[in-house]
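# Per-entry structural report
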Amino acid sequence: MKNFSLRCIGCGAEYGANEVVYTCSRCGDLLDVIVDTDRVFSRDLLRGRVESIWRYAELLPDFGDGVVSLGEGFTRLVRCERLARILGVKELYLKLEGLNPTGSFKDRGMSVGVSMALRIGARRVMCASTGNTSASLAAYSARAGLECIVLIPEGKVAIGKLFQARIHGAKVYQVRGNFDEALSIAFRSASETGAYFLNSVNPWRIEGQKTVSFEIWEQLGRTDINVVVPVGNSGNISAIWKGFKELQLYGVIDDFPRLVGVQAKGAAPIVELLTNNASSIRFWDNPETIATAIRIGKPVNWKKGVRAVKDSRGIAVSVSDDEILDGLRLLATTEGVACEPAGASTIAGLKKLLDEGRIGRDETAVCILTGNALKDPSEHLVSWNTPMILESLGAKPI
Ligand SMILES: Cc1ncc(COP(=O)(O)O)c(C=O)c1O
Ligand SMILES: [Zn+2]
């Protein structure tokens, strides 16, 4: 991989791009992909290019003919005037990541990650997942002809996501415990089973996911904005920050956005760290939230996530399950756009920060709706007040 390399964020140790290494073998810290700064990049290059993450070829690793793609990325950015008026913010946009091939932003990272698996000659891939990672890895590994093993927390994965993993032929193992325990088992067993490990601690996943920032820049034409992101393991918020930093590195932007990380109240170790201005994280043993995608107490990428919020002069905020549900219903009924609960946490977080005056009403916000509504069609997400007249005429609400 010409001029791409890996660097430890702790001790600075460097590794070649084709080395199979997930964390620093010297100090155990996370790795960053260092991009090829000899390449030239500009908006003019993009005209007429493929509408997927691969339109940003200069900023992505070069796999030649070995790219595993399902057309991920280049999702729509939709302006929402009605919801903006209700929330009381000047401009609001939604990035519809549910439009990705398997219905979540994970596809961006899996296209790069599974391409890398092929490059290094892996025959088998593995991940632990709250649902979307397994759905995405199952699809991309099927496309690439690789065997796929996924570990999930028993009873805590939305039905649509489990269906996806199984329909694409992944071997699904349930763990009696939460995501953090599933992750620990997956990480320990990956090398023994000869599997390439594709959770977001794998830095190549982040490379794919950073493309959402390129799209926001290209579609919106400015970056003096708030980007509001649900945070679980904090891989995605790290990726988004990396994307904007690279746009600055290649000389195409001057303004950095402010990154706003939203966690569920019952699973908010990163918000706790930033609120207390602590130097190290306190992991939570029993995370709980209806937004199962972000039901994570031990975020593996916490150092990168905290760095993204701090360096962007951003904000971390937590929201209750009721606030998430209110956000989802408000979004769905005012804009005709829905998403899974984790994505709706961005609406709840934005509302809270506007009400508290921590985001100005004259500002612009882009909420990243990370996953498709159909992934989690749970009954408790839709409790409506049906007009009484219908009931008196014998029609029963469901
Ligand atoms: C829909 C959805 N939103 C947000 C997240 C959180 O992303 P991250 O773990 O990278 O912080 C996930 C992760 O599984 C997800 O599936
Ligand atoms: Zn190191």
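## Description of the overall build of the protein chain
Each helix and strand counted, the protein chain has 13 helices and 13 strands in total. Taking 398 residues into account, the globule formula puts the C-alpha radius of gyration at 21 Å, and the protein chain, at 20 Å, falls close to it. Each principal axis of the C-alpha distribution contributes one length, and for the protein chain these read about 70 × 45 × 45 Å. For the protein chain, the proportion of its 398 residues judged to be buried stands at 58%. Of all intrachain contacts in the protein chain linking residues separated by at least 6 positions in sequence, the fraction that spans at least 24 positions is 70%. A total accessible area of about 16,300 Å² is found for the protein chain, and carbon and sulfur atoms account for 49% of it. Positive and negative side-chain charges of the protein chain, numbering 48 and 45 respectively, have mean locations separated by a distance of 2 Å.

## As for the coordination of the zinc ion (ligand 2)
Looking at the zinc ion (ligand 2), one finds its protein donor set to be Cys8 (SG), Cys11 (SG), Cys24 (SG) and Cys27 (SG), positioned 2.3 Å from the metal centre. The site at the zinc ion (ligand 2) holds 4 donor atoms, and with the angles between them running 98 to 117°, its shape is tetrahedral. Mapped onto the sequence, the residues coordinating the zinc ion (ligand 2) show the spacing C-x2-C-x12-C-x2-C. Judged by its relative accessible area of 41%, Cys27 falls in the partly exposed class.

## Digging into the packing of helix H2 (residues 106-119) against helix H3 (residues 132-144)
With their axes 9 Å apart at the nearest point, H2 and H3 run at an angle of 45° to one another. Looking at the two axes, H2 sits oblique to H3. Classified by chirality, the crossing of H3 by H2 is right-handed. Two secondary-structure elements touch here, H2 through Lys106, Asp107, Met110, Ser111, Val114 and Leu118 and H3 through Asn132, Thr133, Ser136, Leu137, Tyr140, Ser141 and Ala144. Residues of the contact of H2 with H3, tallied by class, amount to 6 nonpolar, 5 polar and 2 charged.

## Digging into the nonpolar core
Ranked by size, the top nonpolar core spans 85 residues in total, and within it Tyr196, Trp204 and Val227 carry the most contacts. When near neighbours in sequence (up to four residues on either side) are disregarded, Val227 contacts Ile216, Ile240, Phe244, Pro257, Arg258, Leu259, Val260, Val366 and Ile368. In terms of nonpolar packing, the next biggest core, distinct from the first, is built from 36 residues, Ile324, Leu325, Ile359 and Leu369 among them.

## Focus: the side chain of Gln164
On the secondary structure map, Gln164 appears in helix H4 (residues 159-167). Gln164 sits in the buried class, given a relative accessible area of 15%. Within the structure, Gln164 has its side chain in polar contact with the side chain of Lys375 (distance 2.6 Å). The contacts of Gln164, once residues within four sequence positions are left out, are Thr102, Ala135, Ala138 and Lys375.

## Re the sheet that holds strand E6 (residues 124-128)
The strand order E8-E7-E6-E9 describes an open sheet built from 4 strands, whose pairing is parallel. Each edge of the open sheet is held by one strand with a lone partner, namely strand E8 (171-175) and strand E9 (196-197). Bridging between strand E7 (residues 147-153) and E8 involves 5 bridges; their strand directions are parallel. The residue bridging Ile149 from the neighbouring strand is Lys171, located in E8. Against the sheet, helix H5 (residues 179-190) touches E6, E7, E8 and E9, its axis set at about 155° to E6.

## Focus: the environment of Gly66
Examined against the element boundaries, Gly66 turns out to sit in the loop between strand E3 (31-34) and strand E4 (77-79). On the basis of relative accessible area, Gly66 is assigned to the partly exposed category, the value being 27%. Counting along the chain gives 52 residues from Gly66 to Leu118, while the straight-line C-alpha distance between them is 7.3 Å. With residues up to four places along the chain from it excluded, the contact list for Gly66 reads Ser115 and Leu118.

## Focus on the packing of aromatic side chains
This model, assessed by the stated rule, comprises 9 aromatic pairs. Ring centres of Tyr22 and Tyr196 lie 5.8 Å apart, and the angle between their planes is 45°; on these two criteria the pair is classed as tilted. With Tyr22 in the loop between strand E2 (14-16) and E3 and Tyr196 in strand E9, this pair connects stretches of sequence that are 174 residues apart. You can call Tyr22 buried: its relative accessible area is 14%. Plain terms: the ring middles of Trp54 and Phe63 are 6.3 Å apart, the flat faces sit at 75° to each other, and that makes the pair edge-to-face.

## Regarding the site of ligand 1
Residues in contact with ligand 1 amount to 17 residues; listed here are only the nearest, Lys106, Asn132, Asn233, Ser234 and Thr370. The side chain of Lys106 places a nitrogen or oxygen atom 2.8 Å from an oxygen atom of ligand 1. Burial of ligand 1 by the surrounding chains reaches 98%, relative to a free accessible area of 390 Å². Its residues assigned to classes, the shell around ligand 1 comprises 6 nonpolar, 9 polar and 2 charged.

## Quick word on helix H8 (residues 235-249)
Every α-helix winds through 3.6 residues per turn, so residues three or four apart in the chain are directed the same way. Spanning 15 residues, H8 covers 21 Å between terminal C-alpha atoms, matching the ideal 21 Å at 1.5 Å per step. Of all 15 residues in H8, 12 are buried, a share of seventy percent or more. Within H8, burial applies to Gly235, Asn236, Ile237, Ser238, Ala239, Ile240, Trp241, Lys242, Gly243, Phe244, Glu246 and Leu247. At the exit of H8 stands Gly251, carrying a positive phi of roughly 80°.

Conventions and cut-offs
- Residues numbered from 1 in each chain as written.
- Chains lettered and ligands numbered in written order.
- Predicted model: local features only at pLDDT ≥ 70, side-chain atom pairs only at ≥ 80, totals over all residues.
- Heavy atoms only, no water.
- Helix = DSSP H or I, 4+ residues; strand = E, 2+ residues; numbered from the N terminus.
- Rg over C-alpha atoms; globule rule 2.2 N^0.38 Å.
- Buried < 20%, exposed > 50% of the residue type's maximum accessible area, 1.4 Å probe, protein only.
- Contact = heavy atoms within 4.5 Å.
- Areas by Shrake-Rupley, 256 points an atom, 1.4 Å probe, with all protein chains shown as cover.
- Lys, Arg positive; Asp, Glu negative; His and termini not counted.
- Charge placed at Lys NZ, Arg CZ, Asp CG, Glu CD.
- Donors = N, O, S within 2.8 Å, 3.2 Å for Na, K, Ca; no water.
- Tetrahedral: all angles 85-135°; square planar, octahedral: opposite > 155°, others 65-115°.
- Axes fitted to C-alpha atoms, helices over the stretch in contact; angles between N-to-C directions.
- Parallel < 35°, antiparallel > 145°, perpendicular 65-115°, else oblique.
- Left-handed = near helix turned anticlockwise from the far one by under 90°.
- Nonpolar A, V, L, I, M, F, W, Y, C, P; charged D, E, K, R; others polar.
- Core = buried A, V, L, I, M, F, W, Y, C linked by side-chain atoms within 4.5 Å.
- Polar contact = N/O pair within 3.5 Å; in protein donor to acceptor, adjacent residues only side chain to side chain.
- Pairing = 2+ DSSP bridges.
- Phe/Tyr/Trp six-rings, centres within 6.5 Å; stacked < 30°, edge-to-face > 60°.
- Near = heavy atom within 4 Å.
- Expected span 1.5 Å × (residues − 1).

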